[in-house]
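Working through the structure, step by step
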Amino acid sequence: MLAIPYINMQGVVAIRYRCLAGHDCKELGHGKYTREPGDEAKIYNIKTLTLNVRRIAVCEGEIDTMTAWQCGIPTIGVSGAQNWKPLFHRHIRGYEEVVNLADGDDAGLKLADTIMGKNEHASLAQMPQGSDVNKYYIDHGAEALKTKARF
Ligand SMILES: [Zn+2]
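The model shown is predicted, which means the values in this text are computed figures rather than measured ones. (Residues numbered from 1 in each chain as written. Predicted model: local features only at pLDDT ≥ 70, side-chain atom pairs only at ≥ 80, totals over all residues. Heavy atoms only, no water.)

A closer look at the packing of helix α1 (residues 62–70) against helix α4 (residues 133–140)
Helix-helix packing is described using two parameters, namely the angle between the two axes and the distance between the axes. We count it as follows: Axes here mean lines fitted to C-alpha atoms, for a helix over just the part in contact, with angles spanning 0 to 180 degrees between N-to-C directions. A run of H or I in DSSP becomes a helix once it reaches four residues, and a run of E becomes a strand once it reaches two; helices and strands are each numbered from the N terminus. Should an angle fall under 35 degrees it is taken as roughly parallel, and over 145 as roughly antiparallel, whereas 65 to 115 is taken as roughly perpendicular and any remaining angle as oblique. Two residues form a contact once any of their heavy atoms are found within 4.5 Å. Only Asp, Glu, Lys and Arg are considered charged, only Ala, Val, Leu, Ile, Met, Phe, Trp, Tyr, Cys and Pro nonpolar, and every remaining residue, Gly among them, polar.
One way to put it is that α1 packs onto α4 with a least axis distance of 8 Å and a crossing angle of 40 degrees. Taken together, the axes of α1 and α4 are oblique relative to one another. Taken together, the residues of α4 that come into contact with α1 (itself represented by Ile63, Asp64, Thr67 and Ala68) are Val133, Asn134 and Tyr137. Among the residues making up the contact of α1 with α4, the classes are represented as four nonpolar, two polar and one charged.

Quick look at the structure:
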């Protein structure tokens, strides 16, 4: 398993795990991603919210969040559209703009729709059909991703 730490100013507050085996996880009775028992969904890369920036991005999934962050985009993430909690809206208020870096499919719009439905300052930068932030970066590079994300 790839261990993905959730780190805030106090340190590691949660770890999610991604199965790296080449099998069908569902066939073996586990999800591709798992979290510690009792752990609730949190904002990933929450340190972004301590930065003095006017605009931030939101990604679905830790890997896309890591990629956008490494490209220089101040980015938070959640581990799935269903894991965006009503409380999280408060965390993104006060920014000039919150850009949703959505996957290039209908499912990719679910999180963006949730966020844009409650935040007039939220916008959408959707990746091309069949792509996501990580694939877009691999295919086109960091500068192209920043341009696509409008950062
Ligand atoms: Zn597995």
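From this point, the discussion proceeds with the structure in view.
Thoughts on the packing of aromatic side chains
As a reminder, the rule being used: Here a pair means two rings of Phe, Tyr or Trp (six-membered ring of Trp) with centres within 6.5 Å. Their orientation is stacked below 30 degrees between planes, edge-to-face above 60, and tilted elsewhere. Three labels apply to residues, based on accessible area from a 1.4 Å probe with only protein chains included: buried if under 20% of the type maximum, exposed if over 50%, partly exposed otherwise in between.
Within this structure, the stated rule accounts for two aromatic pairs. Taken together, a centroid distance of 4.9 Å and an interplanar angle of 65 degrees make the contact between Tyr6 and Tyr44 edge-to-face. Here Tyr6 is found in strand β1 (residues 2–8), whereas its partner Tyr44 is found in the loop between β3 (33–35) and β4 (55–60), with 38 residues between them in sequence. The class of Tyr6 is buried, set by a relative accessible area of 2%. The buried category is assigned to Tyr44, whose relative accessible area is 10%. Summarising the aromatic geometry, the rings of Trp84 and Phe88 are spaced 5.3 Å apart at their centres and angled 85 degrees between planes, so their arrangement reads as edge-to-face. The exposure class of Phe88 is buried, given its relative accessible area of 5%.

Section: the coordination of the zinc ion
Stated formally: Only N, O and S atoms count as donors, using a 2.8 Å limit from the metal and a wider 3.2 Å limit for Na, K and Ca, and since water is excluded some coordination spheres may look unfilled.
At 2.1 to 2.4 Å from the zinc ion lie its protein donor atoms, namely Cys19 (SG), His23 (NE2), Cys25 (SG) and His30 (NE2). All donor residues of the zinc ion come from one chain, and their arrangement in sequence is C-x3-H-x1-C-x4-H. Pair noted here: Cys19 is in the loop between β2 (11–18) and β3 and His30 is in the loop between β2 and β3, with a separation of 11 residues, a long-range link. Owing to a relative accessible area of 6%, Cys19 belongs among the buried residues under this scheme.

Regarding the domain arrangement of the protein chain
Threshold: The source of the domain bounds is an automatic or database domain assignment. Buried area, as used here, totals the accessible surface that two parts lose on assembly, with accessibility defined by a 1.4 Å probe and the loss added over both. Whenever Lys or Arg places a side-chain nitrogen within 4 Å of a carboxyl oxygen from Asp or Glu, that contact is recorded as a salt bridge.
You can read the domains of the protein chain as domain 1 (1–40) and domain 2 (41–149). Inter-centroid distance (C-alpha atoms) of domain 1 to domain 2 is 20 Å. If you look at the interface, domain 1 gives 14 residues, while domain 2 gives 13 residues. A combined buried area of about 1,100 Å² lies between domain 1 and domain 2, and 56% of that area is made up of carbon and sulfur atoms. Summed over the three residues of domain 1 that lose the most area to domain 2, namely Ile4, Tyr6 and Glu40, the buried surface amounts to 43% of that side. Run the count over domain 1 and domain 2 and you get three salt bridges. Across the salt bridge formed by Lys85 and Glu40, the nearest N and O atoms sit 3.1 Å from each other. It is β1 that contributes the most residues to the side of domain 1 that touches domain 2, six residues altogether. The residue makeup of the side of domain 1 that touches domain 2, split by class, is nine nonpolar, one polar and four charged.

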